[in-house]
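Now for the letters of each chain:
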Amino acid sequence: MSNITAYKCKSCGLVMYPHHFRCLQCHKREFEEITPSEKGKLLTFTIVEQLPWGFDERGRVLGVVEFDNGVKALGVILAESPKIGMKLKAGWDSVRMIGDQKVYGLTFEPA
Ligand SMILES: [Zn+2]
């Protein structure tokens, strides 16, 4: 995995990853592509117990990570005991299945 591209809304500045057709916050459609650096720290996380169909595990940790360059992104945290402020390294992996198709997304593991 090398390049992660996130999308920053030109209107309200929300950074989204992965790409959405419209900004989740203001619904505009113009984005600037930004490339998060590979390392960051965990800002906040939540443990999701009830997953939508397509996830192959019982619970997972979703967290917001701030990269060293200030970009924030939501991803799956692959740490057994996540802690706010811990250093994480970004990766790109399959995060769920839709039918027999793997869907890839941002993952973070302890750096
Ligand atoms: Zn926006």
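Definitions and cut-offs
- Each chain has its residues counted from 1, running along the sequence as written.
- Only residues with pLDDT of at least 70 get local features here, since the model is predicted, and only at 80 or more are side-chain atom pairs given and counted; chain-wide, interface and lining totals rely on the full set of residues.
- Only runs of H or I of at least four residues qualify as helices and only runs of E of at least two qualify as strands under DSSP, and these elements are numbered from the N terminus.
- Distance between backbone-placed C-beta atoms decides contact: two residues are in contact if it is within 7 Å.
- In predicted models, pLDDT denotes the confidence assigned by the predictor to each residue on a 0 to 100 scale.
- A pair of strands is labelled paired if DSSP reports no fewer than 2 bridges between them.
- Any residue surrounded by 20 or more other C-beta atoms within 10 Å of its C-beta is treated as buried, while 12 or fewer makes it exposed and the intermediate range makes it partly exposed; C-beta atoms here are placed from the backbone.
- Working convention: axes come from line fits to C-alpha atoms, limited for helices to the stretch in contact. Angles between N-to-C directions cover 0 to 180 degrees.

## Here we look at the overall build of the protein
Helix and strand content of the protein: zero helices and eight strands. Counting contacts in the protein only where the partners sit at least 6 residues apart, residues at least 24 apart contribute 48% of the total.

## Here we look at the confidence of the model for the protein
In low-pLDDT regions, the fine details of the predicted coordinates are not to be read closely. Chain-level pLDDT for the protein is 83 on average; 88% of the residues reach the 70-or-more range. When the elements of the protein are averaged for pLDDT, strand β2 (residues 15-16) gives the smallest value, 76, and strand β4 (residues 39-48) the largest, 92.

## Regarding the sheet that holds β2
Strand order across the open sheet formed by three strands is β2-β1-β3, with antiparallel pairing between neighbours. Every interior strand has two partners, whereas the edge strands, β2 and β3 (31-34), have only one. Two elements, strand β1 (residues 6-9) and β3, share four bridges in a ladder whose sense is antiparallel. Looking at β3, one finds that Cys 9 is bridged to Phe 31.

## Looking at the environment of Lys 41
Within the element layout of this structure, Lys 41 appears in strand β4. Taking the C-alpha atoms as reference, Lys 41 lies 8.6 Å from Val 64; in sequence the two are 23 residues apart. Discounting residues that sit within four places of it in the chain, Lys 41 has contacts with Val 65, Glu 66, Gly 85, Met 86, Lys 87 and Leu 88.

## Digging into unusual backbone geometry
Of note in the backbone geometry, His 27 takes a positive phi value of approximately 70° without being a glycine. Topologically, His 27 is positioned in the loop between β2 and β3. Overall, His 27 belongs to the exposed group, with 12 C-beta atoms counted inside 10 Å.

## Quick notes on the sheet that holds strand β5 (residues 60-67)
Judged by pairing direction, the barrel is mixed, and its five strands sit side by side in the order β4-β5-β6-β8-β7 before closing back on the first. Pairwise comparison of adjacent strand axes, ignoring direction, gives a mean angle of 40° for this sheet. As judged from the six bridges shared by β5 and strand β6 (residues 72-77), these two strands associate in the antiparallel manner. The partner of Glu 66 across the bridge, within β6, is Lys 72.

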